[in-house]
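# Structure at a glance
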Amino acid sequence: DAKTTQPTSMDCAEGRAANLPCNHSTISGNEYVYWYRQIHSQGPQYIIHGLKNNETNEMASLIITEDRKSSTLILPHATLRDTAVYYCIVSGAGSYQLTFGKGTKLSVIP
Amino acid sequence: SQTIHQWPATLVQPVGSPLSLECTVEGTSNPNLYWYRQAAGRGLQLLFYSVGIGQISSEVPQNLSASRPQDRQFILSSKKLLLSDSGFYLCAWSAKGVTQYFGPGTRLLVL
């Protein structure tokens, strides 16, 4: 699996958009970008994934650059419940393993 | 919809005692099943995965074993716990794709 790089921590004001970046410069053509989050003492929660096109669901939007070397997860209106560690993971379609790095600790501030 | 259960939620066990953690999935058939461990302050480490009944692949050789006696049941076991087995144990499932969905986890403390 390709390696990802994320900032260690970020702050976001409640109600504002949270933009979480991820670099994955060694991603290969058949690898997807996945985002999960882990709220303290809970299991990781799947958020969204994409291959080339931008994706949106009820939780977030995923913007992938044209060269696919980086992506941004957008939480459009962050709430206090969005405080969590966010993981960006790159994984191929045939892989059984999701390699979780250290992620970005997002703190949403009132 | 699919749901995944793990129990117990927390467990305190003495060194040298046996371990059995259970995971069950509802609402799907023939899922891939996974056991991960998260040590304090660290990332998730894949321990075992299974693509079908009786089929177990080990990612990390260690003091633990896994079994899949039924299609939607995955068990993590140890005959003798070590202090280093303490951690947060997570079960996950996926359809025959990559997206994995995690259970609530079991927090194990070995004393």
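What comes next is a walk through the structure.

About the cut-offs
- Residues numbered from 1 in each chain as written.
- Chains lettered and ligands numbered in written order.
- Predicted model: local features only at pLDDT ≥ 70, side-chain atom pairs only at ≥ 80, totals over all residues.
- Heavy atoms only, no water.
- Pairing = 2+ DSSP bridges.
- Helix = DSSP H or I, 4+ residues; strand = E, 2+ residues; numbered from the N terminus.
- Axes fitted to C-alpha atoms, helices over the stretch in contact; angles between N-to-C directions.
- Disulfide = S-S within 2.5 Å.

Residues and elements named next belong to chain B. Judged by pairing direction, the sheet is antiparallel, and its four strands sit side by side in the order β1-β3-β8-β7 without closing on themselves. Of all the strands in the sheet, just β1 (3-7) and β7 (65-70) have a single pairing partner and so form its edges. In this sheet, adjacent strand axes meet at a mean angle of 20 degrees when their direction is disregarded. Pairing of β7 with strand β8 (residues 73-78) involves four bridges; the strand directions are antiparallel. Following the sheet pairing, A66 is matched in β8 by L76.

Residues and elements named next belong to chain A. Overall, the coordinates contain two disulfides over all chains when judged by the stated rule. Note on cysteine connectivity: C22 is disulfide-linked to C88, with sulfurs 2.1 Å apart. On the sign convention where negative means left-handed, the S-S torsion of about -80 degrees between C22 and C88 marks this disulfide as left-handed. With C22 in strand β2 (residues 18-23) and C88 in strand β8 (residues 84-92), the pair connects residues that are 66 residues apart, well separated along the chain.

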